[in-house]
Amino acid sequence: MSSIFIYIFMAIGLSMDAFSLAIVYGTNGIPKKKIIMLSIIVGICHFVMPNLSGLLGKLFLINFSRYGQIIEGIVFLILALEMILSFKEDDTKYKIDRFYELLLFGFAVSIDSFTVGLALSIENQSLVLPGFIFSIVSGIFTFFGLLLGKYLNDKVGDISKIIGIIILFLLAFHSIC
């Protein structure tokens, strides 16, 4: 029973970047259907990534744990730079519209769950329960992050985009350093 609570706390930690990035993308006025779809995709990615890493096991542990956060930081940095470049352009051009963009978002925020899956696989644990918990929590965090971003955009407009850019730079800095 105590391991479930540990998995829940791990899931909350893993979901914080999904929440932050969801706030950023929510400021672009994503429709409700896309909010639900993106939340489900993030949840699925947070289930698949640790289970996939459990299958790969110790083979990648040494190499990926060193570079996984750097890759994640670079993705956040690219997203921040894209938002800066598109700040005064037409917002509809930079919404998440295509399915591959939804998948990229889900992949970007679930790289850290891949690394956690590697660590849990060392203990020879089944990763189905942790993956399920990671999935539910990250899907919920993404959903509410997107709604919060949409709300902030409705209330404060461009200021919410500036806050989103700052959040992306902080996430990139945190991941890289």
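No experiment lies behind these values; they were computed from the predicted model shown. (Residues numbered from 1 in each chain as written. Predicted model: local features only at pLDDT ≥ 70, side-chain atom pairs only at ≥ 80, totals over all residues. Heavy atoms only, no water.)

Student: Go over the overall build of the protein, please, and point to the residues and values.
Tutor: A tally of helices and strands in the protein yields 6 helices and 0 strands. Ordered by position in the sequence, the α and β elements of the protein form the string α-α-α-α-α-α. Out of the 177 residues in the protein, the part that is buried amounts to 45%. Counting contacts in the protein only where the partners sit at least 6 residues apart, residues at least 24 apart contribute 94% of the total. A total accessible area of about 9300 Å² is found for the protein, and carbon and sulfur atoms account for 74% of it. (Helix = DSSP H or I, 4+ residues; strand = E, 2+ residues; numbered from the N terminus. Buried < 20%, exposed > 50% of the residue type's maximum accessible area, 1.4 Å probe, protein only. Contact = heavy atoms within 4.5 Å. Areas by Shrake-Rupley, 256 points an atom, 1.4 Å probe, with all protein chains shown as cover.)

Student: Tell me about a nonpolar patch on the surface, residues and numbers included.
Tutor: On the surface, I70, I74, L77, I78, L81, I84, F169 and I176 cluster together to form a nonpolar patch covering roughly 620 Å² of accessible area. At the level of elements, α3 (61-85) and α6 (158-176) are the ones that each hand at least two residues to the nonpolar patch. Ranked by residue count, the leading element in the nonpolar patch is α3, at 6 residues. Counting through the fold element by element, F169 comes out in helix α6. The class of F169 is partly exposed, set by a relative accessible area of 31%. (Patch = residues over 30% accessible without salt bridge, like charges linked within 9 Å, V, L, I, M, F, W, Y side chains within 5 Å. Salt bridge = Lys/Arg side-chain N within 4 Å of Asp/Glu carboxyl O.)

Student: An account of helix α5 (residues 128-156) is needed here, citing residue identities and associated values.
Tutor: Compared with the 42 Å implied by 1.5 Å per residue over 29 residues, the 41 Å span of α5 between its first and last C-alpha is a close match. Directly after α5, the chain includes G157, whose backbone phi takes a positive value near 60 degrees. (Expected span 1.5 Å × (residues − 1).)

Student: Break down the confidence of the model for the protein for me, citing the residues and quoting the values.
Tutor: Per-residue confidence for the protein averages 79 on the pLDDT scale, and 78% of its residues sit at or above 70. Per-residue pLDDT, averaged within each element of the protein, yields its smallest value for α3 (67) and its largest for helix α2 (residues 32-56) (91). (pLDDT = per-residue confidence, 0-100.)

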